[in-house]
Amino acid sequence: MIPVVVRNVVTEAQGVVRLVLGSEDGSDLPGFEAGAHIDLHLPSGLIRQYSLCRMQSEAQYYEIAVLKDPQSRGGSSEVHRLKIGDGLLISEPKNHFPLMDTKRHSVLVAGGIGVTPMLPMAQQLQKMGLPFEFHYCAKSPETAAFSSALESSSFADKMHFHYSQVPSSGRMDVVNVLSRHSSDSELYICGPADFISYVLLQAKMLGWPEDRMHREFFAAPAMDENIGDNTPFKVKIHSTGEVFDVEADQSIFEVLDNNGVFLAVSCESGVCGTCQTGVIEGVPDHRDVFLTDKEHAQGKLVMPCCSRSKTPVLELDL
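Residues numbered from 1 in each chain as written. Predicted model: local features only at pLDDT ≥ 70, side-chain atom pairs only at ≥ 80, totals over all residues. Heavy atoms only, no water.

(A) Layout of the packing of aromatic side chains. Tallied over the entire structure, the rule returns 5 aromatic pairs. Centre to centre, the rings of Phe32 and Tyr62 are 5.7 Å apart; their planes meet at 80°, and the pair counts as edge-to-face. In this pair, Phe32 is assigned in the loop between strand 2 (16–23) and strand 3 (37–41) and Tyr62 in strand 5 (residues 61–67), connecting sequence segments 30 residues apart. Given the relative accessible area of 1%, Tyr62 is considered buried. Ring centres 5.9 Å apart and planes at 20° place the aromatic pair Phe161 and Tyr163 in the stacked group. Its relative accessible area of 7% is what places Tyr163 among the buried residues. (Phe/Tyr/Trp six-rings, centres within 6.5 Å; stacked < 30°, edge-to-face > 60°. Helix = DSSP H or I, 4+ residues; strand = E, 2+ residues; numbered from the N terminus. Buried < 20%, exposed > 50% of the residue type's maximum accessible area, 1.4 Å probe, protein only.)

As structure tokens, then:
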């Protein structure tokens, strides 16, 4: 873990604060690529993931921007209470949402606070001289974090703002935008779960290959899930042969943790990929949004924080 100090707190939009986090001793923080995030360990003990929202201009600082979400489980509210001088622990940057190593045209689509990983992506693409367009969807300029900075950025000519509550702007015509690039581009999207799901569905219907549709969820889509319908099963540890019962109201992670089997977990909702584990035998019942449809079908990986098993026994590569 890396100790940092809140060096500045800036209101970026309605309900959005940007934190500048500086190394405790003034030393350089680890470098990162666009799309990376950090785990933020809050004073209450909560751990939350936040995208690094700007490329480093000074090596001793990171920046994150956080929306105060009314549906929050407590993390965003606690971030909004942080003050200059508060000390925190963070992880080194992790990147499950990188830019692909290709010279293809990139279509960046941000919904609301989903702009945070997109801003450094745009910075990096501009610096590399690669073609891209950036579509930013929000309710209004007042709720759109970084809108002024993006309007005056070096890539302002590539920006397209879609404000649903501004008549002269209106919602993004997703089909029109995606239909122009289905054969020659990479799609990157981040934002609310339902927004991402809708855009990906339209892209799929327009013939976008799955391996060119890249997404990062901040929260899992709402699921019609009834715990009473969950079937108990057993989880087997490949390295030791131990077998544990997973009841209908338990997650695989909870059972492993209760029995002393360590597994790194962060979001606990199948979003971040931290707990990704290999499957030796059995068929996972996938309930995450991190793995692709292809990876779900292959059944070689599972997210123990939220997924279950379709077979009586699920043997994990642990």
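(B) Quick peek at the pattern of salt bridges. Under the counting rule described, the total for this entry stands at 11 salt bridges. A salt bridge links Glu63 to Arg54; its shortest N-O distance comes to 2.9 Å. Take Glu63: its relative accessible area is 16%, and that puts it in the buried class. When its relative accessible area of 22% is taken as the criterion, Arg54 is described as partly exposed. In this structure, the salt-bridge partner of Lys158 is Asp157, at a minimum N-O distance of 3.8 Å. Asp157 sits in the exposed class, given a relative accessible area of 62%. Several salt bridges share partner residues, and in doing so they unite Glu12, Arg18, Arg54 and Glu63 into one network. (Salt bridge = Lys/Arg side-chain N within 4 Å of Asp/Glu carboxyl O.)

(C) A look at the sheet that holds strand 13 (residues 243–246). Judged by pairing direction, the sheet is mixed, and its 5 strands sit side by side in the order 13-12-18-14-16 without closing on themselves. In this open sheet, the two strands that pair with only one neighbour each are strand 13 and strand 16 (301–302). Note: strand 14 (residues 277–281) against strand 18 (residues 313–316), 2 bridges, orientation antiparallel. Pairing of Val279 across the sheet is with Leu316, part of strand 18. (Pairing = 2+ DSSP bridges.)

(D) Summary view of helix 5 (residues 193–205). With 13 residues, helix 5 should reach 18 Å at 1.5 Å per residue; the first-to-last C-alpha distance of 18 Å fits that figure. Buried residues of helix 5: Ala193, Ile196, Val199, Leu200, Gln202 and Ala203, and no others. Packed against the buried residues of helix 5 are helix 4 (174–179), strand 10 (185–191) and strand 11 (213–217). Among the residues trailing helix 5, Gly207 stands out with phi positive, at a value near 95°. (Expected span 1.5 Å × (residues − 1). Contact = heavy atoms within 4.5 Å.)

(E) Spotlight on the pairing of strand 8 (residues 132–138). With 7 of 7 residues buried, strand 8 is to be regarded as a mostly interior element. Bridging between strand 7 (residues 105–111) and strand 8 involves 6 bridges; their strand directions are parallel. Residue Ala110 lies in a different strand from strand 8, and its bridge partner there is Tyr136. Handedness of the crossover joining strand 7 and strand 8 through helix 2 (residues 115–128): right-handed. The sheet contact formed by strand 8 and strand 9 (residues 159–163) spans 5 bridges and is parallel. Bridge pairing in strand 9 places His135 opposite His160. (Right-handed = clockwise from strand over helix to strand, strands pointing away.)

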